[in-house]
Amino acid sequence: MKISIGSDHGGFALKESLKPVLRGVAQVDDKGCDGSGPCDYPDFAAAVCEDVAEGAADFGVLVCTTGEGMTMSANRFDGVRAALCRTVADAKMARSHNNANVLVFGGGATAPAEAAEIAAAFFAEPFSGDERHVRRIAKIDRARRLAEFSALASADPEVHAAILAQVRQEDTEINLIASENTSSRAVREAAGSVLMNKYAEGYPAHRWYSGCGPVDAAEELARKRACELFGAEHANVQPHCGSAANMAVYFATIKPGDTIMSMSLDQGGHLSHGSPVNFSGKIYNIVPYTVDKDTEMLDYDAIERQALETKPKILLAGASAYPRAIDFRRIREICDKAGCLMVVDMAHIAGLVAGGAHESPVPYADFTTTTTHKTLGGPRGGMVLCKEKWAKALDSAVFPGMQGGPLENIIAAKAVCFREWMSPAKKGYAQKIVSNCKAMCKAVQDRGYRIVSGGTDNHLFLVDVKSSRGITGKEAAAALDAAGIVVNKNTIPYDTESPFRTSGIRVGTASVTTRGMGEAECAAIGGWIADVLDDISDTSVAARVKAQAAALVAGFPVP
Ligand SMILES: *Cc1c(COP(=O)(O)O)cnc(C)c1O
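Residues numbered from 1 in each chain as written. Predicted model: local features only at pLDDT ≥ 70, side-chain atom pairs only at ≥ 80, totals over all residues. Heavy atoms only, no water.

**Quick notes on the site of the ligand**
The environment of the ligand is made up of 14 residues, and the closest members are G242, S243, S320, D345 and K374. Taking G242, its main chain carries an N or O atom lying 2.8 Å from an oxygen atom of the ligand. At 2.7 Å, a side-chain N or O of S320 approaches an oxygen atom of the ligand. Protein coverage of the free-state accessible area of the ligand, which is 390 Å², stands at 86%. By residue number, the principal contributor to the shell around the ligand is helix α11 (residues 242–253), which donates three residues. Along the lines of polarity and charge, the residues of the shell around the ligand split into three nonpolar, nine polar and two charged. (Near = heavy atom within 4 Å. Polar contact = N/O pair within 3.5 Å; in protein donor to acceptor, adjacent residues only side chain to side chain. Areas by Shrake-Rupley, 256 points an atom, 1.4 Å probe, with all protein chains shown as cover. Helix = DSSP H or I, 4+ residues; strand = E, 2+ residues; numbered from the N terminus. Nonpolar A, V, L, I, M, F, W, Y, C, P; charged D, E, K, R; others polar.)

**A closer look at the sheet that holds strand β13 (residues 341–345)**
The strand order across the open sheet formed by seven strands is β9-β15-β14-β13-β12-β10-β11, and the pairing between neighbours is mixed. Either end of the sheet is taken by a strand with one partner, and the two such strands are β9 (234–236) and β11 (285–289). Strand-to-strand twist of the sheet, defined as the mean angle between neighbouring strand axes without regard to direction, takes the value 20 degrees. In this structure, strand β10 (residues 259–263) lies alongside strand β12 (residues 314–317), joined through two bridges in parallel fashion. Each bridged residue has a counterpart across the sheet, and for I260 the counterpart in β12 is I314. In the packing of α11 onto the sheet, contacts are made with β10, β12, β13, β14 (367–371) and β15 (382–386), and the angle to β14 comes to roughly 160 degrees. (Pairing = 2+ DSSP bridges. Axes fitted to C-alpha atoms, helices over the stretch in contact; angles between N-to-C directions. Contact = heavy atoms within 4.5 Å.)

**Here we look at the domain arrangement of the protein chain**
Each domain of the protein chain was delimited in the assignment, giving domain 1 (2–134), domain 2 (191–421) and domain 3 (426–554). A straight line from the C-alpha centre of domain 1 to that of domain 2 covers 50 Å. (Domains from an automatic or database assignment.)

**Structural notes on empty space enclosed by the protein**
Under the counting rule described, the total for this entry stands at two cavities of 30 Å³ or more. In this structure, the largest cavity occupies an estimated 90 Å³ of space. Together, 14 residues line the largest cavity, and A319, Y322, I326, H348 and I349 are the ones closest to its centre. Partitioned by chemical class, the residues of the lining of the largest cavity number seven nonpolar, five polar and two charged. Residue contributions to the lining of the largest cavity reach at least three from each of two domains, namely domain 2 (191–421) and domain 3 (426–554). Within this model, the second largest cavity holds a volume of roughly 50 Å³. Considering the residues around the second largest cavity, the lining is formed by A232, E233, V362, A365, D366, F367, T368, L385, C386 and K387. Breaking the lining of the second largest cavity down by element, the ones donating at least two residues are β14 and β15. Tallied by class, the residues present in the lining of the second largest cavity amount to six nonpolar, one polar and three charged. (1 Å grid on protein atoms, 1.4 Å probe; cavity = no way out; pocket = protein on both sides within 12 Å on 5 of 7 lines; lining within 4 Å. Points joined across faces, edges and corners; volume = space filled by probe spheres on them.)

**Structural notes on the layout of surface pockets**
Leftover empty space is mapped by rolling, across the atoms, a probe with the size of a water molecule. Of the voids in this model, the largest pocket is the one considered here, and its volume is about 970 Å³. In terms of lining residues, the largest pocket is bounded by 35 residues, among which Q166, E170, N181, S183 and R188 are the most central. When contributions to the lining of the largest pocket are tallied by element, the ones reaching two or more residues are α6 (131–147), α8 (157–172), β6 (174–175), α9 (185–191) and α17 (408–421). Broken down by element, the residue count for the lining of the largest pocket peaks at five residues, all from α8. A class-by-class count of the residues in the lining of the largest pocket yields 13 nonpolar, 12 polar and 10 charged. Among the domains, domain 2 (191–421) and domain 3 (426–554) are the pair contributing at least three residues each to the lining of the largest pocket. Taken as a whole, the second largest pocket holds about 440 Å³ of empty space. Taken together, 18 residues make up the lining of the second largest pocket; nearest its centre are L265, G269, N490, T491 and P499. Per element, the largest residue contribution to the lining of the second largest pocket is three residues, and it comes from strand β19 (residues 488–490). By residue class, the composition of the lining of the second largest pocket is five nonpolar, 10 polar and three charged. Structurally, the lining of the second largest pocket is a two-domain feature, drawing no fewer than three residues from each of domain 2 (191–421) and domain 3 (426–554).

Spelled out as structure tokens, the structure:
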């Protein structure tokens, strides 16, 4: 057992008397003070609690005159539960009920012999592990979720209210938006960090402004980890979003008026792949490809014929609403035959690629672009991976080509996200997103709904609500929203409805999987979707499902 111990001047004498006692049961690391004069207790609380939070110490012991200041300081740290104990009974309860991991004394309140007894009781008492105590401790951690932006409560009550509303929504509704996920606390901390204060035009070690040491370190980590995670030769982590990542690739490689062959938006492609209302469609000559009318899947032979005929400079693969695996080896073959660049936009499936649940495009593609906030689960942002020979062209296309100062706080959060993917905790997660999606899809399909392409290989599926129940995607999404299930309306291939009404809804399982749900929960949700859509005018069903949805998500709290 390792114990980290600290005190201010008021607790110094008691700390010194406790050290030999504690050394009898543990390895003791003294963080100060050294008794040489008045000092500030939060400094020593921080030193000890950082050890406990990081796992460098199993327990902490803190002493100040009353113990109050140390307790207040210590309980600000994530993962720390500090208890001020004046009696042996206090110590036993703090361990068995609250699973306290920092023991606090008042040096002016507790005598050395008494303190030794209390400490012995504290370290001997195990946490009971009773369900009610586990539940209550989980609620302490939940309180932090609200506390993490509590400064806003007084500084800006209106923005605070908007954030609180999002918290409540996440706490009570089932999020099935296929392009969303639930970020980790660590990602949010980096994203909200002081790194946002820095201007850092340029790249690590080649910046236009002074003082970039800290942000260089963060961006270097992000680039290095991105390359490691995806097996890429070069990474640019500065694009502000996925659309900007695509823009960077076009700017680095082709000229206005050149031809890009890409999946059309109404078939599952993305705005930034050449929609006429987007910069991409205005600047470049777009040749859209489609899915096969019968199978609703990509027809690689047809794509090959079209590429040989239209001779694009770029063949772009990747989609926002395509439920099937994409054969990147085959796309490479087509690009080689047609003599064009292969660009893959893996925005939706990046997490599946990172976790090995979808074939990686990176070995095949000249460029791979992505967002970092969809299945990847990081901060809202973009990234481009490419072969080394394109590194310079890409980097100058991003800066100074199209962006100014990078968002170094977001880049740091990207680095955090990439590290999470390489941790054992993420093992099997990507596969679980897919198995959850298949389970939910099957539950809807079994109730007689037509699923686009007949099923799913990835994190999303599309329900043709028009042919199944004679309603539009817009109506279906609104009915589900009223029942606490959040999806989006989506065009389906060869849709006869306008993009504002649509014949389909898009359903994704990244967020519910992140929150810990499994196939049983996902199959139940699929059943509720069918319950609601069977008769969207039945408000009693909506009310029943809303209550069921809220009860379900309560068991899978947002981290
Ligand atoms: C979401 C998405 C993007 C772009 O996302 P931003 O909203 O610009 O971050 C790009 N490509 C595809 C395929 C997407 O699904």
